[in-house]
Amino acid sequence: MKQMRFLVALLFVALTSHAAEPPVYTKGGLALSGYDPVAFFTDKKPAKGLAEFEIEWSGARWRFASAEHRDAFRAEPAKYAPQFGGYCAYGVAKGHTAKTEPDAWKVLDGKLYLNYDKQVQQLWEKELPRVVGEAEQQWPAVLKK
């Protein structure tokens with residue numbers, strides 16, 4: 001009987017303890033793979049951040065190309081942080097998380113969106129704005145799948 005209870009308890013732990021995805025996608029321990037989120041808005045292109053301008057926010061390390069960008073992000077992180085924690089916007093719309101590449105990006109209606117790669121970005125753009133709404137419905141529950 002004790003063995004049976006132990007097996008049931010072990011099975012319960014195995015079934016209920018799978019780890020959820022973190023709220024921010026990181027690569028190499030850095031949000032946006034170390035790219036500056038503010039640069040997508042101000043410079044209209046990805047720019048590598050520097051370790052000297054690094055802060056922590058939402059459980060991730062963020063890097064910036066300048067102190068000015070760091071301070072702008074610190075003042076209004078929700079304005080500059082990528083949607084869906086930096087996970088692929090198309091993937092989130094389809095009900096799962098996926099990594100992203102900094103060169104597959106788009107600022108749309110004042111919000112930064114990232115995609116898995118340029119090919120996925122093309123699919124995502126063909127289905128705008130519907131897929132943005134689908135992703136918003138999935139987020140953040142998709143982190144627990």
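What this report covers is the structure whose coordinates are included nearby. (Residues numbered from 1 in each chain as written. Predicted model: local features only at pLDDT ≥ 70, side-chain atom pairs only at ≥ 80, totals over all residues. Heavy atoms only, no water.)

## Focus: unusual backbone geometry
Each neighbour pair has its own omega, and for L128 with P129 the value is -5°, a cis peptide bond. That bond from W139 to P140 is cis: its omega, 0°, falls within 30 degrees of zero. In this structure, S33 takes a positive phi of about 55° despite not being glycine. As for its placement among the helices and strands, S33 is situated in the loop between β2 (30–31) and α2 (37–42). At S58, a residue that is not glycine, the phi angle is positive and equals roughly 55°. With respect to the helices and strands, S58 occurs in the loop between β3 (50–57) and β4 (60–64). (Helix = DSSP H or I, 4+ residues; strand = E, 2+ residues; numbered from the N terminus.)

## Examining the pairing of β4
Burial along β4 is one-sided: A60, W62 and F64 are buried, and none of R61 and R63, which face the opposite way, are. Looking at chain direction, β3 and β4 are connected through five bridges and run antiparallel. Across the sheet, the residue bridging to I55 is W62, located in β4. Hairpin connection, β3 to β4: the antiparallel pair is bridged by two residues, and S58 has positive phi, about 55°. (Buried < 20%, exposed > 50% of the residue type's maximum accessible area, 1.4 Å probe, protein only. Pairing = 2+ DSSP bridges.)

## Description of the environment of Q83
Relative to the helices and strands, Q83 resides in the loop between α4 (77–80) and α5 (89–93). Distance from Q83 to L112, taken between C-alpha atoms, is 6.0 Å for residues 29 residues apart in sequence. Every residue in contact with Q83, bar those within four places of it in the chain, is listed here: K111, L112 and Y113. (Contact = heavy atoms within 4.5 Å.)

## Looking at the environment of F64
Locating F64 in the fold gives a position in strand β4. A residue is classified by how much of its surface remains accessible, and F64, at 0% relative accessible area, is buried. For F64 and D36, which are 28 residues apart along the polypeptide, the C-alpha to C-alpha distance reads 4.4 Å. When sequence neighbours within four positions are dropped, the list of residues in contact with F64 reads D36, P37, V38, G49, L50, F53, I55, H69, R70 and F73.

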